[in-house]
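Here is how the chains run, residue by residue.
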Amino acid sequence: MSSKGMVRAIFLVVFAVWLMIWVMLPTKLYKNTWTPNLETTLNSTYFSGQGTNLLLFSFPLMFIAAFGCAYLHFQNKSTDSSNHSKRLGLDSVTALLKRPVVVMAPLGIVSALELTFASMFVALLIWSLANYLHVSFGNLHMHKEGEKIWEAKLRSVSLRLGYIGNICWAFLFFPITRGSSVLPLIGLTSESSIKYHIWLGHLSNILFAAHTIGFIIYWAITNQMAEMVEWSKTWVSNVAGVIAIVIAMPMWVTSLPQFRRMKFELFFYTHHLYFPYIFFYVLHVGDAYFCMILPGIFLFLIDRYLRFLQSRQRTALLSARLLPCGLLELNFSKTPGHYNYPAINMLKSSYIFMISAVINLFFGPSRLYYNPTSILFVNVPRISKLQWHPFTVSSNCNMETDELSVVIKCQGSWSHKLYKELGSSLDRLQVSTEGPYGPNSSHFLRHECLVLVSGGSGITPFISIIREIIFQIQKPNFKVPRVIMICAFKNSADLAMLDLLLPISGTPQISQIQLQIEAYITREEEQPMAEAHKPLQTIWFKPSPLDSPISATLGPNNWLWLGAIISSSFLMFLLLLGIVTRYYIYPIDHNTEQIYHFSYRNSNTSNITRGVAMVFWCRTRKPSPSVPRPSYQCSFWFKT
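The text that follows walks through the structure, step by step, so that each part is easy to find. This one's a predicted model, so the numbers in the text were calculated from it and none came from an experiment. Throughout, a residue's number is its position along its own chain's written sequence, starting from 1. Owing to the predicted nature of the model, reporting of local features is limited to residues with pLDDT of at least 70; listing and counting of side-chain atom pairs is limited to 80 or more, with chain, interface and lining totals taken over all residues. Excluding hydrogens and water, the side-chain figures rest on all heavy atoms present in the structure.

1. Some remarks on the pairing of strand S2 (residues 108–111)
Inference 1: Whether two strands pair depends on DSSP finding at least two bridges between them. Strands are runs of DSSP state E lasting at least 2 residues, helices are runs of H or I lasting at least 4, and numbering of each runs from the N terminus. Bridging between strand S1 (residues 100–104) and S2 involves 4 bridges; their strand directions are antiparallel. Counterpart to Val102 in the pairing with S2 is Val110.
Inference 2: What sits between S1 and S2 in their antiparallel hairpin is a turn of 3 residues.

Rendered as C-alpha cells:
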C-alpha cells in the first residue's frame, strides 16, 4: 500500500471509530460501563467532565480536518497534470452509484450513493432513539409527587427527541464550510453538498420543535408552566432553549422552498440569525453536549471568519465588457504565482504571520487556482452594501494568469443597476469579492466528446470549459475532446454571448479544438439585418491604491496554512478552556460552597479565541490592449 493509501486508511479508521462512538452512545453498555471508566481515566481539573467528550467526539474530526489539509497539499503537489485524466478515470468505478435514482421535490436529485448514506443516517437516528427510550423507560423516575407514568414517559420522549436533534447538529455545519478539508477528502464540495445541510436543517428543526412542544404539553398538564422561563443555576436553562427555538422558527419558515423562491433576500438575512441561535442553543444543551457537536461549528466559524476577512478587501476591477443583449463581463486582477505575503502592518500583531512565513519559506508561493465552472461572490457597495451575488467564473486560471472574469446577465434589479452604472462613463468602481469556489477537478477532460446544452446566460459555465480545453491542447499527448455546443437564445442580440468564448486578450488557438456550435433563436421569426447588431463595448477602469488583486484564499490554494490555523486555533481553545476550568471554575466548585453557574460554564466553552488576520498583497496592473479576434464557424437556425 502506498503512503497516500495508508494516510487515507488512517482517516477512514478514525472516522469509523467516531461513528461507532455515536452508535454506542445511547446503549446501556456505554452508559453503565464505558462512561464510569472513561470519566475515571479522563476526568481532570483542567477539563472536568468535558474531557471525555472532547477526546471521543471533538478530537477525531479535528484530527482529520487538520492533517487532512496537509494530505491534500501534498496530494495536489505530487499530482501531475499529464496523468490527470487517468486519475479521474478511477471515478468510473463509482459512476453507477452516482447516477440519479430519485428526482422529486423536496429531495431534489438524489443518487444511489446518497440514498444509501441517507438511509444509514436515518437508521442511526432510529437506533439512537429506540435505545435512549429503552434505557430511559427501564429507569423511569418521577420529577414530581403524584406524576403519572405516561406523563413521565412523555417527558422522557421529549427529552430524547432533543438528543436526536443534537446528532443532526453534529453533521449540520460541514456541508456549508466552504474552506474545509473534510469535504474534499471524500470528493465533495460545499456547492454539491448544500442539499445535505438543507435535509439536516429541516430534520433537526422538526425534532427540536417536537422536543419543545412535548415539554410544553408536559409542563401544562403537570401545572409547571413556570419551568419554561426558568434559568437554572445548576442545571439546564429552559428559557435559553425557548429563546433558541423562537429564533429557529423564522429561520426555518423562510428556508422552505416556496418562501425562499419568492422572498430570497428575507431568507438570506433571516438565516444570519444563526449566531444567536447557536449561542442560546449552547447555553441550553450544556458544555458536555456542545463538545459532542463542536467540530462542525468550530470549523464553520473559522471558515466564516476567514471569508469575512477576504470580503472586506476592495478588489481591483480592470475592465468590463458590455454586450447589447444586457449581459456584461467583469474582469478582475488576480495574483499569479507570487508569494502571498499579507501586509506587514496587520500581521505584526498576529500569530499567523509566523505560520505564513514558515509555510512560504519551505513550501513556496501560494497560487490562485480554480477549476472551470467555479463561482465568485461579488458585492458592489455603490448598489448595495449587503447584497452578495454568486456568478460563474468564465476565465481560465492557467491561460489567464493575472485576470479573473465573471459573466452577469441583467435579470434583476441589482444586475440592471450595475449595467446602468457601468454604462455611465465611470472611471472607477469599488467592488468586493469572495472566492472563487468550485469543483475539485476538471472531470470533463476524461470524455472523448462533450455535448454542452445551454439556454441564454447558461452558456457561462461552458465558456470556462472551452477555455480549459484551449489551454490543455498546449500539452503534449493530450487527446482533445470533441465539443458540440447547442445554445438556445431568445433573440439574435443574445448571439453576442458567443463573443465571450475568448478572453479579452484573445487567442488564435480556438481553431485547434473540434468545436461545433449550433445556436437557435426562439423568439424571432426572421433573420435580422447585419447592421442591427451593435458592437461589444469594453470599458477600462483606472487603478486605485486601495484595491488589491484577488489572492489565493485558504483552502484549495493554501491547505497547509489552513491546517496550521485549524490546529493552532483548536490548541488555543483547549488551552483557554483548561485555564478557565482549572483556575476559575474548579476553585468555585470544589473549594467553596458555591456552584459555578451552569450557563456561564457553557458560554466559557463556546467562546473560542482566534487571532487570525488576513490581507492581500496589492499590485497594480496596466491594461492589456486588445488583439485581433479569430473567427469561428457557427450555424444559426431561426424559428419559422
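Further notes follow.
2. A look at the side chain of Lys409
Inference 1: If you trace the backbone, Lys409 turns up in strand S7 (residues 403–409).
Inference 2: What makes two residues a contact is simply this: any of their non-hydrogen atoms within 4.5 Å. Beyond its immediate stretch of four places on either side in the chain, Lys409 contacts Cys325, Gly326, Leu327, Ser415, Ser457, Asp494 and Met497.

3. Some points on helix H1 (residues 3–24)
Inference 1: Helix length check: H1 (22 residues) gives 32 Å between terminal C-alpha atoms against 32 Å at 1.5 Å per residue, within 8%.
Inference 2: Residue exposure (1.4 Å probe, protein chains only): buried if accessible area is under 20% of the type maximum, exposed if over 50%, otherwise partly exposed. Among all positions of H1, only Phe11, Val14, Trp18, Ile21, Trp22 and Met24 are buried. To estimate the expected span of a helix, subtract one from its residue number and multiply by 1.5 Å.

4. Some thoughts on the environment of Ile486
Inference 1: Mapped onto the fold, Ile486 is located in strand S10 (residues 482–489).
Inference 2: A relative accessible area of 26% places Ile486 in the partly exposed class.
Inference 3: Along the sequence, Ile486 and Ser454 sit 32 residues apart, while their C-alpha atoms lie 6.4 Å from each other.
Inference 4: With sequence-adjacent residues up to four places away left out, Ile486 is seen in contact with Val451, Leu452, Val453, Ser454, Glu518 and Tyr520.

5. Things to note about the packing of helix H8 (residues 194–221) against helix H9 (residues 238–254)
Inference 1: To get an axis, fit a line to the C-alpha atoms, keeping to the stretch in contact for a helix; angles then go from 0 to 180 degrees between the N-to-C directions. Where H8 meets H9, the closest approach of the two axes is 11 Å, and the angle between their N-to-C directions is 135°. It follows from the interaxial angle that H8 and H9 lie oblique. Our pair here, H8 against H9, has a crossing hand that is left-handed. Contact residues: H8 offers His202, Asn205, Ile206, Phe208, Ala209, Thr212 and Trp219, while H9 offers Asn238, Ile245, Ala248 and Trp252.
Inference 2: Any residue outside Ala, Val, Leu, Ile, Met, Phe, Trp, Tyr, Cys, Pro, Asp, Glu, Lys and Arg is labelled polar, Gly included; the first ten of those are nonpolar and the last four are charged. Of the residues contributing to the contact of H8 with H9, the split by class is 7 nonpolar, 4 polar and no charged. With respect to orientation, any angle under 35 degrees is reported as roughly parallel, any angle over 145 as roughly antiparallel, any angle of 65 to 115 as roughly perpendicular, and every other angle as oblique. When the near helix sits turned anticlockwise from the far one by under a right angle, the crossing is termed left-handed; a clockwise turn instead gives a right-handed crossing.

6. Re the sheet that holds strand S4 (residues 327–333)
Inference 1: The strand order across the open sheet formed by 4 strands is S7-S4-S3-S12, and the pairing between neighbours is antiparallel. Whereas interior strands pair on both sides, the edge strands pair on one side only; in this sheet they are S7 and strand S12 (537–540). Strand after strand, the sheet turns through a mean of 20° between neighbouring axes, direction not considered.
Inference 2: Relative to S4, strand S3 (residues 317–323) runs antiparallel, the two being bridged by 6 bridges. Bridge pairing in S4 places Ser319 opposite Asn331.
Inference 3: Along the sheet, helix H17 (residues 413–422) contacts S3, S4, S7 and S12; its crossing angle with S4, the most-contacted strand, is approximately 70°.

7. Considerations on the side chain of Ser181
Inference 1: Looking at where Ser181 falls in the secondary structure, it is placed in the loop between helix H6 (149–172) and helix H7 (182–185).
Inference 2: Contacts described as polar in this section are N or O atom pairs within 3.5 Å, which, within protein, must combine one atom able to donate a hydrogen with one able to accept it, while residues neighboring in sequence count only if both atoms come from side chains. Polar contacts involving the side chain of Ser181 include one to the main-chain carbonyl oxygen of Ala65, which spans 2.7 Å.
Inference 3: Other than its neighbours up to four places away in sequence, Ser181 contacts Ile64, Ala65, Gly68, Cys69, Leu72 and Trp559.

8. Things to note about a nonpolar patch on the surface
Inference 1: Residues enter a patch when their relative accessible area is above 30% and they make no salt bridge; the linking distance is 9 Å between like charges and 5 Å between nonpolar side chains (Val, Leu, Ile, Met, Phe, Trp, Tyr). Surface accessibility follows the Shrake-Rupley procedure with a 1.4 Å probe radius. Residue values consider only the protein chains on display as shielding. Salt bridges are counted wherever a side-chain nitrogen of Lys or Arg sits within 4 Å of a carboxyl oxygen of Asp or Glu. A contiguous nonpolar surface patch, about 380 Å² in accessible area, is contributed by Trp150, Ile213, Ile217 and Ile221.
Inference 2: Broken down by element, the nonpolar patch gets its largest block of residues, 3 residues, from H8.
Inference 3: Inspection of the secondary structure puts Ile221 in helix H8.
Inference 4: Relative accessible area serves as the criterion here: at 35%, Ile221 is assigned to the partly exposed category.

9. So, the packing of aromatic side chains
Here the distance between the centres and the angle between the planes together describe a pair of aromatic rings.
Inference 1: Two aromatic rings, drawn from Phe, Tyr or Trp (for Trp, its six-membered ring), form a pair once their centres lie within 6.5 Å of each other, and the interplanar angle then sorts them: stacked below 30 degrees, edge-to-face above 60, tilted otherwise. Tallying each qualifying case throughout the model produces 31 aromatic pairs.
Inference 2: Arranged with centres 6.1 Å apart and planes meeting at 90°, the rings of Phe11 and Tyr71 form a pair that is edge-to-face. Residue Phe11 is located in helix H1, and its partner Tyr71 is located in helix H3 (residues 50–78); the two are separated by 60 residues in the primary sequence.
Inference 3: Residue classification places Phe11 among the buried residues on the basis of a relative accessible area of 9%.
Inference 4: In this structure Tyr71 comes out as buried when scored by relative accessible area, which is 8%.
Inference 5: Here the aromatic cluster, defined as three or more aromatic residues joined through ring pairs, consists of Trp169, Phe173, Phe208, Tyr274, Tyr277, Tyr281 and Phe300.
Inference 6: Should the NZ of a Lys or the CZ of an Arg lie within 6 Å of a ring centre and within 35 degrees of the ring normal, that charge is described as sitting over the ring. It is Lys153 that lies over the ring of Phe137; its NZ or CZ is 5.2 Å from the centre.
Inference 7: The ring of Phe267 has Arg260 lying over it, and the distance from NZ or CZ to the ring centre is 5.9 Å.

10. With respect to the nonpolar core
Inference 1: Membership of the largest hydrophobic core comes to 74 residues, with the highest contact counts inside it found for Phe57 and Trp169.
Inference 2: At 11 residues, H3 tops the list of elements feeding residues into this core.
Inference 3: The contact partners of Phe57, leaving out residues within four places of it in the chain, are Trp18, Ile21, Trp22, Leu25, Tyr30, Cys291, Met292 and Pro295.
Inference 4: In plain words, nonpolar cores are sets of buried Ala, Val, Leu, Ile, Met, Phe, Trp, Tyr and Cys residues tied together by side-chain atoms within 4.5 Å. Within the second largest apolar cluster, 31 residues are counted, among which are Leu323, Leu495, Met497 and Leu515.

11. Regarding the sheet that holds strand S5 (residues 375–379)
Inference 1: Strand order in this open sheet of 3 strands is S6-S5-S8, and the pairing throughout is antiparallel. The outermost strands of the open sheet, each flanked by one partner alone, are strand S6 (389–392) and strand S8 (432–437). The average undirected angle you get between the axes of adjacent strands in this sheet is 25°.

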